[in-house]
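Chain by chain, the residues run as shown.
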Amino acid sequence: MTLLLANLDSYYVEFYGMDVVMYYIYSIRSFMQQYSWQVRLSFSIILVCILVMLMLMVLFTIQIRRRQQHERDYEHCFATYSEAFIEILEEPTVLTETQILEICDEDDNGFRYYDGLLFAEVLTHIRMSMNDTLYFPNLQLLCEVTGVREAVERRLKERKDVFRVLQMVNTLPLKINEGLLAIYTSHSNKQISQLARLAYCMCSQTEPYQYLIKDINQPQSTWYCSTIHRILGWKRVQNLPMPPLFMSASICENAQMAAFIIEETSYWGTEEEKHNLVKFFNDKRIPCRIAAVRALTRLGYAEAEDQIYNAYESQPQIVRREMIKALANFHSGKYIEFFAEQYKTTPSHTSRRNILECLYNYCEAGRIRFETLDKETGDQDAVFFSQIRTLAKLKSA
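Residues numbered from 1 in each chain as written. Predicted model: local features only at pLDDT ≥ 70, side-chain atom pairs only at ≥ 80, totals over all residues. Heavy atoms only, no water.

Trainee: Could you give me a rundown of a nonpolar patch on the surface, with the residues and numbers involved?
Mentor: Together, I28, F43, I46, L47, I50, L51, L54 and M57 line one region of the surface with nonpolar side chains, adding up to about 740 Å² of accessible area. No other element matches helix 2 (residues 37–90), which puts 7 residues into the nonpolar patch. (Patch = residues over 30% accessible without salt bridge, like charges linked within 9 Å, V, L, I, M, F, W, Y side chains within 5 Å. Areas by Shrake-Rupley, 256 points an atom, 1.4 Å probe, with all protein chains shown as cover. Salt bridge = Lys/Arg side-chain N within 4 Å of Asp/Glu carboxyl O. Helix = DSSP H or I, 4+ residues; strand = E, 2+ residues; numbered from the N terminus.)

Shown next, in the form of C-alpha cells:
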C-alpha cells in the first residue's frame, strides 16, 4: 500500500512505513532551518502545546463519557432495585439469602451485571433517607448477596477510592475484615485515618474502642459526631459492648467533644452513667455543664428537675439560661415564683426575655403569672411581653 507518493519532475518516489514519518520530520526541519533559533523555539513550543491540548481534550472526553455512563448505570440500578432494597431493610425479621433473591426477583447470578460498588452507592442513598432507623437486621446479608462487601474489601486491598469506600462503610454501616481497616488506621491522610478508626469500632471483635478513646482529643473528631452517634446506636441496639462514656467525657481534654459524649451518655449510657451526669454541673468546662443540663432534661428523671434547680445559683449566666429552659421543659409548675424572681433580679436583657418565654410555656399557672408580671412591670419590658404573646399565637395558629 502506497502511503505517500512524491512527484519529482518525471520520477515517482514511494514511501512506506516509517519512511513517511521521517519524510515529514525532514520536511519540517528543512523548512525551519531558514529561521532563527528564537522562531524555531517558539514554533516548537506552540506545536507541543497543541499536542498537549489535544491529549487533554481526549482524556477529558473519555472521563466525561465514563461519568455519564456511571450516572446512567446508577439511575437504572436505583430504579430497578430501590423498592426491593427498601422492603428488605424495613423487614424486622431476619431473612435468608433465598428470600432476599425472591424479593429482588433475581437468581444467584442476577446481581453480577452491576459492580458491587454501584450497589453500595444505591444502599448508601437509601440508608441516608432512612437515617432515623439505627439498625437494619438484613443489611449485612443484603450487602453480601449484592457483592457490596466483596467490592469494598477489594477496593481497600487495591488502595483505590479509599476515602469514598470508608465513607460508605461508616454510613451503612457495614462490617468488613478488620485486618484491612488496620492498614489505614495510621494513614498519613488524617481524614482516611479517622474514618478507618471509626469503622474499626464496628468491625473489631477484640478491642473495638482502642482508637475511639485516643482520638476524642483530636480537633477533627468533632467533624464525625453524627457518624459516632449512629455507630454507638447501632451497637446498643445489638447489645454489643459499649465504651465507657462517662469516663471518656471526664478524661477528654477537648471541651466540645466532651460535651458531645455527655449528651451521648443520655442516649446510650448505662443507668449508672446517666444518673451520674449531675456531677458535670461542677465541671470547669462550660460546654460540659450545658451538655449535662440538656442530657438530664432529655432523660426526664423525676429528681433531675430538683438537681438543676439546686445547682442554679452556682452557675454563670450562660449556663443559667440553659437551666431555665430545662426547668420549663419539665412543665411541673413547681418553680413559678422562682421564674418570676429571676426575671426581676437578672440584669441581662437576653436572660430576662428567655425567662419570660419559658414562664409563658411552663404551664397554665405560669401563663397567668406571666400576665401579672406584665402589669407589675409596666412599660419596662413591654416589647418582650408583646413579642412572646405574638409568637405563641403564631405557633398555635
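What follows continues from the structure just given.
Trainee: Explain the packing of aromatic side chains to me, using residue names and the numbers behind them.
Mentor: Aromatic rings considered in pairs are described by the distance between their centres and by the relative angle of their planes. Enumeration according to the criterion identifies 21 aromatic pairs in this entry. Plain terms: the ring middles of Y113 and Y114 are 4.7 Å apart, the flat faces sit at 85 degrees to each other, and that makes the pair edge-to-face. According to the relative accessible area criterion, Y113 is exposed, its value standing at 67%. With a centroid separation of 5.0 Å and 85 degrees between ring planes, the pair formed by Y312 and F338 is classed as edge-to-face. Taken as a pair, Y312 in the loop between helix 16 (304–311) and helix 17 (317–330) and F338 in helix 18 (residues 336–345) lie far apart in primary sequence, 26 residues in all. Its relative accessible area of 9% is what places F338 among the buried residues. For R367, the ring lying beneath its charged end belongs to Y360, and the centroid distance is 4.4 Å. (Phe/Tyr/Trp six-rings, centres within 6.5 Å; stacked < 30°, edge-to-face > 60°. Buried < 20%, exposed > 50% of the residue type's maximum accessible area, 1.4 Å probe, protein only. Lys NZ or Arg CZ within 6 Å of the ring centre and 35° of its normal.)

Trainee: Give me the lowdown on the nonpolar core, citing residues and values where you can.
Mentor: Generally speaking, nonpolar side chains in soluble globular proteins are found buried as a group. Counting residues in each nonpolar core, the largest one holds 111 residues, and the members touching the most others are F85, V152, L156, I262 and F339. A total of 9 residues in this core trace back to one element, the largest contributor, which is helix 9 (residues 190–203). Excluding its chain neighbours within four sequence positions, the residues that come into contact with F85 are C104, F111, F119, V122, L123, I126, L142 and T146. (Core = buried A, V, L, I, M, F, W, Y, C linked by side-chain atoms within 4.5 Å. Contact = heavy atoms within 4.5 Å.)

Trainee: Break down empty space enclosed by the protein for me, with residues and values.
Mentor: Under the definition given, this model contains 3 cavities of 30 Å³ or more. Looking at the largest cavity, its volume works out to about 80 Å³. For the lining of the largest cavity, the secondary structure elements donating two or more residues are helix 10 (210–215), helix 11 (225–237), helix 12 (245–251) and helix 13 (255–268). In terms of residue count, helix 13 provides more of the lining of the largest cavity than any other element does, 3 residues in total. Classifying every residue of the lining of the largest cavity by side-chain character gives 10 nonpolar, 1 polar and no charged. Its boundaries defined by the atoms lining it, the second largest cavity holds a volume of some 40 Å³. Lining the second largest cavity are L198, C201, L212, I228, I231 and L232. Classifying every residue of the lining of the second largest cavity by side-chain character gives 6 nonpolar, no polar and no charged. (1 Å grid on protein atoms, 1.4 Å probe; cavity = no way out; pocket = protein on both sides within 12 Å on 5 of 7 lines; lining within 4 Å. Points joined across faces, edges and corners; volume = space filled by probe spheres on them. Nonpolar A, V, L, I, M, F, W, Y, C, P; charged D, E, K, R; others polar.)

Trainee: Requested: an account of unusual backbone geometry, with residues and values cited.
Mentor: With omega at -20 degrees, the peptide bond leading from L172 into P173 counts as cis. Along the chain, the position of P173 falls in the loop between helix 7 (162–171) and helix 8 (178–184). Unusually for a residue other than glycine, D105 sits at a positive phi of about 60 degrees. Its location among the elements puts D105 in the loop between helix 3 (97–104) and helix 4 (116–129). Taking the relative accessible area as the measure of exposure, D105 reaches 67% and is therefore exposed. For H331, which is not a glycine, the phi torsion comes out positive at approximately 55 degrees. Within the element layout of this structure, H331 appears in the loop between helix 17 and helix 18.

Trainee: Break down the layout of surface pockets for me, citing the residues and quoting the values.
Mentor: Computed from the structure, the largest pocket encloses a volume of approximately 180 Å³. Lining the largest pocket are H70, D73, Y114, D115, L117, L118, E121, R155, D161 and R164. Elements with a contribution of two residues or more to the lining of the largest pocket: helix 2 and helix 4. Of the residues in the lining of the largest pocket, the class split is 3 nonpolar, 1 polar and 6 charged.

Trainee: If you had to explain the packing of helix 17 against helix 19 (residues 349–362) to someone new, which residues and values would you point to?
Mentor: Between helix 17 and helix 19, the least distance of the axes is 9 Å, while the angle of their chain directions is 10 degrees. In terms of axis orientation, helix 17 runs roughly parallel to helix 19. Between helix 17 and helix 19, the contacting residues are Q317, R321, I324, K325, L327 and A328 on the first element and T350, S351, N354, I355, C358 and Y362 on the second. When its residues are assigned to classes, the contact of helix 17 with helix 19 shows 6 nonpolar, 4 polar and 2 charged. (Axes fitted to C-alpha atoms, helices over the stretch in contact; angles between N-to-C directions. Parallel < 35°, antiparallel > 145°, perpendicular 65-115°, else oblique.)

Trainee: Lay out the side chain of D283 with the relevant residues and their values.
Mentor: Examined against the element boundaries, D283 turns out to sit in the loop between helix 14 (271–275) and helix 15 (286–299). One polar contact links the side chain of D283 to the main-chain amide nitrogen of R285, over a distance of 2.8 Å. (Polar contact = N/O pair within 3.5 Å; in protein donor to acceptor, adjacent residues only side chain to side chain.)

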